[in-house]
Amino acid sequence: MEQPKGVDWTVVILTCQYKDSVQVFQRELEVRQKREQIPAGTLLLAVEDPEKRVGSGGATLNALLVAAEHLSARAGFTVVTSDVLHSAWILILHMGRDFPFDDCGRAFTCLPVENPQAPVEALVCNLDSLLDIMTYRVSGVVFFSVETAECLLATHVSPPLDACTYLGLDSGARPVQLSLFFDILLCMAENVTREDFLVGRPPELGQGDADVAGYLQSARAQLWRELRDQPLTMAYVSSGSYSYMTSSASDFLHSLTLPRALGAQIVHSQVEEQQLLAAGSSVVSCLLEGHVQLGPGSVLQHCHLRGPVHIGAGCLVSGLDEAQSEALHAWELHDLVLQGHHIRLHGSPGRAFTLVGRLDSWERHGAGTYLNMPWREFFKRTGVRALDLWDPDTPPAECCLPSARLFPVLHPSRALGPQELLWMLDPQEDGGEALRAWRASWRLSWEQLQPCLDRAATLASRRDLFFRQALHKARHVLEARHDLSLRPLIRAAVREGCPGPLLATLDQVAAGAGDPGVAARALACVADVLGCMAEGRGGLRSGPAANPEWMRPFSYLECGDLAAGVEALAQERDKWLSRPALLVRAARHYEGAGQILIRQAVMSAQHFVSTEPVELPGPGQWVVAECPARVDFSGGWSDTPPLAYELGGAVLGLAVRVDGRRPIGARARRILEPELWLAVGPQQDEMTVKIVCRSLADLRDYCQPHAPGALLKAAFICAGIVDVHSELQLRKQLLRTFGGGFELHTWSELPHGSGLGTSSILAGTALAALQRAAGRVVGTEALIHAVLHLEQVLTTGGGWQDQVGGLMPGIKVGRSRAQLPLKVEVEEVTVPEGFVQKLNDHLLLVYTGKTRLARNLLQDVLRSWYARLPAVVENAHSLVQQTEECAEAFRQGSLPLLGQCLTAYWEQKKLMAPGCEPLAVRRMMDVLAPHVHGQSLAGAGGGGFLYLLTKEPQQKEALEAVLAKTEGLGNYSIHLVEVDTQGLSLKLLGTEASTCCPFP
């Protein structure tokens, strides 16, 4: 379902308790803006509360003041003005009080949620969820109109409310604590009298002296004067729910797990032995190596553990790394919360660990427990005394878990680890050594620990672990050939400034791959990293990739030395990282390197090329090969390497005559001169390109597709007539084997870029004619594979559907399996009697007048496939599936069903290659739509021929009249088309004497 239009926030403010956290959380907001979670133009502010206990109301007023100040300055004012609120959308998010289960507070508590549609891969925390909710679903928990916001802002200059803001604090005002709900909103409620409001005490205040109560009453009186007349309404969302994150570990674990789940939730984590994770458990941003067992209802977050580790039911374990894994080997944890913390003591960084019970209460009243047992029992079991935890003069009511000095932060002689606390679970007869070590440590209570937490180091550690597990994921996805896109991960690595480790991992995967498909995809991912580093600058991704500086690594790849090639590529890459233009060019060359590996994979089709010797035609005797064109009805793109051998392809195609003619052909003959005479173009035409090759040097450009006669030169090489790498001269090669040379002439009556498979079919006719002229015959299926080989030698790439469509007669389905060597199998589709003629009467070709740019489209499709974009992967599978449905429609002889297939096929083509539908073609298709069952551009689209299945028979003249009335269509033409039931034809003609070169 389409996401509703969201709110473009003018300002997003995050309030926090600690001054040291402001810059940390400011960076986190900016990271989310880079991820496109927050609009680029939104002003981001992290704001420290003026006082630790200013309350949610005071924090709101202070945040509103800071936002108004920044907006006023941005608008050019020198003083704060409420006018800026009229055009602003301001989102204020409160971090809230300290949270026992996450050092960065409730806002940055990570959720067991993964968003596969996110453009940038990242952990999802409460802040991200709130940003999404506030932007796309509701205005907020509390929404202030402009008028109310103006009235609230006005109170910042009125004592004692000015003390809620940093301005009042800087002016020496005495702090006042206000609640958003029980002070600010309550004074607007209808059934509240002034007297009741002034004497009330919000729960946030607690019990204090009379002087504090009087000061608060003065503040409330000011709120009443300013806000009483503002209307207050409430919206009730009947289907909604609200979950407050309390200090209960049980509630927290319940919120992060699915008790009735069939398996464990594994989010942004790499787990070697997933079967050891119990149903109803949750693992978020972890790297678990070896035997790590997790019980039901337990949560692992931000941990890198190496087994054996056994964590039973009802546990929260977070913030541990490999160094602490060994401490866990001897223990089986149940109903415990074990956390590792980054701290800073007097400026020095360090680590501390806390251990509490799942059932322990963090409240200051009621029966106290520790490790799920009463304090008295804990003291008895461990030997710990109350004086170890609290000062002698501490009131009994204050002797509680938050104030107990339980947690070692420094030991005089050793590094600290979880073992400093785990011994309390089962005190051993060790002579009291563990207890003495614990007592010898400098210990802090949970309350004392909070100001020492290093939140910058915590978030940096989480980011580092996230990318460490992500590198494992990238390696696994590539090596296991999973259809999972790595592009969101690539964007994350680049935008957060750590592409280096990802590039190194991709290099390792490519160099060590035993499968050219895996290596090619890894190189394509490197290209994506480089392209992403260019940040949309530096030019188009598609472009040439033959810079001499890259030829050394390319030569290694061509020779099959993958490891040396990848290493040389990386060395060259390091020279091209300084600016966007170089990054884009380097990305093109990595895609070029991938094309080399694709060529090598497709070359495996040679396994299925074979010839049989036949009588050698005499000199001067022409061998003529002619072919129909082809029309693809379903499955195109699935035949394109690497899809053809990674996904497996299936294409339904028709061999067709255009205006009654077979438009593609070649002829070859032996000549007495030890030379190669090449001609490209119509048989009797002054525009025919004529080339004479008298030496091997004349053939060297066979792999440059745009060089004159390159296809014909490649045909001589692939047919085995010439060895271009031989030390033997060309004339000697020809004389030794054939007693002379050859003349080869190819032609096509179709316009360039027709989309009807011309170049591949032309290659097939050239090979067939040459082989026969050389005294060999090649079967049609072998010829299909020979064309695949030739197009790789020519470096044009391309799939197999064109030669299948034109060389094989009639209606057929070509298929290739997801494996190498690449083999194409063809099945004839049997149709009802008389249906071919019916089809001929309803099938038309319209030349759009637009030249197709298939090569650019091909590069884009391959890039999207290697990125495994979900829409492209799904579409590729649909192409293969619909081919079978289209074949069934032919078997039924149903024109309406075939029309539906064509319409769906065109939508699939557009999804596969965005930009393949020019505006003029769209206009033409719209005009023709009422008259056809279905229509599609041939081949890759972008121009060339449009083919139609008309509702009425013999509609050429009628549709010409329709198009003639439409403006802006350009130089179009309509052509008759009929199914060809012959396919490739090969015949020998009489001898024509040739005593001298007919070419200039």
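Quantities reported herein were computed from a predicted structural model and do not represent experimental measurements. (Residues numbered from 1 in each chain as written. Predicted model: local features only at pLDDT ≥ 70, side-chain atom pairs only at ≥ 80, totals over all residues. Heavy atoms only, no water.)

1. A short note on the overall build of the chain
Alright, step 1. Helices and strands together make up the secondary structure of the chain, namely 34 helices and 35 strands.
Alright, step 2. Along the three orthogonal principal directions, the C-alpha set of the chain runs to about 120 × 75 × 55 Å.
Alright, step 3. With 1000 residues in all, the chain has 55% of them scored as buried.
Alright, step 4. Residue pairs at least 24 apart in sequence account for 68% of intrachain contacts in the chain once pairs closer than 6 positions are excluded.
Alright, step 5. Carbon and sulfur atoms make up 52% of the accessible area of the chain, which amounts to about 43,000 Å² in all. (Helix = DSSP H or I, 4+ residues; strand = E, 2+ residues; numbered from the N terminus. Buried < 20%, exposed > 50% of the residue type's maximum accessible area, 1.4 Å probe, protein only. Contact = heavy atoms within 4.5 Å. Areas by Shrake-Rupley, 256 points an atom, 1.4 Å probe, with all protein chains shown as cover.)

2. Comments concerning the environment of A629
Alright, step 1. Note that A629 resides in strand 22 (residues 629-634).
Alright, step 2. Classification of A629 by relative accessible area gives buried; the value is 0%.
Alright, step 3. Residues in contact with A629, not counting those within four places in the same chain, are L654, A655, V656, P663, I664, L750, L756, I761, G805 and G806.

3. Considerations on the pairing of strand 22
Alright, step 1. Counting buried positions along strand 22 yields six of six residues, so the element is predominantly enclosed.
Alright, step 2. Two strands pair when backbone bridges link them, and strand 22 and strand 23 (residues 649-658) are joined in this way by five bridges, in the antiparallel orientation. Bridging across to strand 23, A629 finds its partner in V656. (Pairing = 2+ DSSP bridges.)

4. Topic: the nonpolar core
Soluble globular proteins tend to bury their nonpolar side chains together.
Alright, step 1. F633 and F890 are the most contacted members of the largest nonpolar core, which has 205 residues in total.
Alright, step 2. Among the nonpolar cores identified, the runner-up in size contains 53 residues, and L371, L435, W438 and W446 belong to it. (Core = buried A, V, L, I, M, F, W, Y, C linked by side-chain atoms within 4.5 Å.)

5. Some words on the packing of helix 21 (residues 562-573) against helix 22 (residues 580-602)
Alright, step 1. As a packed pair, helix 21 and helix 22 sit with axes 12 Å apart at the nearest point and diverge in direction by 170 degrees. Our classification of the angle between helix 21 and helix 22 gives roughly antiparallel. Across the interface between the two elements, L562, L569, A570 and R573 from helix 21 touch Y590, A593 and L597 from helix 22.
Alright, step 2. Tallied by class, the residues present in the contact of helix 21 with helix 22 amount to six nonpolar, no polar and one charged. (Axes fitted to C-alpha atoms, helices over the stretch in contact; angles between N-to-C directions. Parallel < 35°, antiparallel > 145°, perpendicular 65-115°, else oblique. Nonpolar A, V, L, I, M, F, W, Y, C, P; charged D, E, K, R; others polar.)

6. Things to note about helix 17 (residues 487-495)
Alright, step 1. Of all nine residues that make up helix 17, seven are buried, and the element is covered over most of its length.
Alright, step 2. Among all positions in helix 17, only R487, P488, L489, I490, A492, A493 and V494 are buried.

7. Thoughts on the domain arrangement of the chain
Accessible area lost when the parts come together is the quantity often used to give the size of an interface.
Alright, step 1. Domain annotation of the chain identifies domain 1 (11-228), domain 2 (249-453), domain 3 (481-603), domain 4 (608-828) and domain 5 (835-984).
Alright, step 2. With centres defined by C-alpha atoms, the gap from domain 3 to domain 4 works out at 32 Å.
Alright, step 3. Contact residues are listed per partner, giving seven residues for domain 3 and 11 residues for domain 4.
Alright, step 4. Both faces considered, domain 3 and domain 4 share a buried interface measuring about 840 Å² in area, 72% of it formed by carbon and sulfur atoms.
Alright, step 5. Applying the counting criterion to the domain 3 and domain 4 interface returns zero salt bridges. (Domains from an automatic or database assignment. Buried area = accessible area lost by both parts, 1.4 Å probe. Salt bridge = Lys/Arg side-chain N within 4 Å of Asp/Glu carboxyl O.)

8. Details of the pattern of salt bridges
Alright, step 1. For the structure shown, the criterion picks out 53 salt bridges.
Alright, step 2. For the salt bridge of R32 with E28, the shortest nitrogen-to-oxygen distance reads 3.0 Å. Highlighted residues: R32 and E28, both in helix 1 (residues 22-34), separated by four residues, approximately one helical turn. E28 carries the same exposure label as R32, and that label is buried.
Alright, step 3. For the salt bridge of R537 with E535, the shortest nitrogen-to-oxygen distance reads 3.2 Å.
Alright, step 4. Accessibility expressed as a relative area gives 58% for E535, which makes it exposed.
Alright, step 5. A cluster of three or more residues bridged by salt bridges with shared partners is formed by R27, E28, R32, R35, D128, R463 and E496.

9. Side note on the packing of aromatic side chains
Alright, step 1. Inspection of the entire model under this criterion finds 23 aromatic pairs.
Alright, step 2. Ring centres 5.0 Å apart and planes at 90 degrees place the aromatic pair Y370 and F378 in the edge-to-face group.
Alright, step 3. A relative accessible area of 0% places Y370 in the buried class.
Alright, step 4. Ring geometry for F633 against Y947: centres 5.9 Å apart, planes inclined by 35 degrees, an arrangement best described as tilted. Residue F633 is found in strand 22, and its partner Y947 is found in strand 33 (residues 945-950); the two are separated by 314 residues along the sequence.
Alright, step 5. Here the aromatic cluster, defined as three or more aromatic residues joined through ring pairs, consists of Y370, W375, F378, F379 and W390.
Alright, step 6. Note that R667 overlies the ring of W622, its terminal NZ or CZ placed 4.0 Å from the centroid.
Alright, step 7. If you follow R868 out to its NZ or CZ, it ends over the ring of W865, 4.2 Å from the centre. (Phe/Tyr/Trp six-rings, centres within 6.5 Å; stacked < 30°, edge-to-face > 60°. Lys NZ or Arg CZ within 6 Å of the ring centre and 35° of its normal.)

10. Some remarks on the packing of helix 16 (residues 455-479) against helix 17
Alright, step 1. Orientation of helix 16 relative to helix 17, taken along the N-to-C sense of each, is 145 degrees, at an axis distance of 11 Å. Considering only the axes of helix 16 and helix 17, their crossing is left-handed. Residues F467, A470 and A474 of helix 16 lie in contact with helix 17, whose contacting residues are L489, A492 and A493.
Alright, step 2. Classifying every residue of the contact of helix 16 with helix 17 by side-chain character gives six nonpolar, no polar and no charged. (Left-handed = near helix turned anticlockwise from the far one by under 90°.)

11. Structural notes on empty space enclosed by the protein
Alright, step 1. Counted according to the given criterion, the structure contains seven cavities of 30 Å³ or more.
Alright, step 2. Considering only enclosed or pocket space, the largest cavity measures out at about 200 Å³ in volume.
Alright, step 3. E28, R32, R35, L123 and R463 are the residues nearest the centre of the largest cavity, which is lined by 14 residues in total.
Alright, step 4. Looking at the lining of the largest cavity, the elements with two or more residues in it are helix 1 and helix 16.
Alright, step 5. By residue class, the composition of the lining of the largest cavity is seven nonpolar, one polar and six charged.
Alright, step 6. Reported here for the second largest cavity is a volume of approximately 120 Å³.
Alright, step 7. The wall of the second largest cavity is formed by 15 residues, among which Y18, M95, G96, D98 and R455 lie closest to the centre.
Alright, step 8. Counted by class, the lining of the second largest cavity contains six nonpolar, four polar and five charged residues. (1 Å grid on protein atoms, 1.4 Å probe; cavity = no way out; pocket = protein on both sides within 12 Å on 5 of 7 lines; lining within 4 Å. Points joined across faces, edges and corners; volume = space filled by probe spheres on them.)

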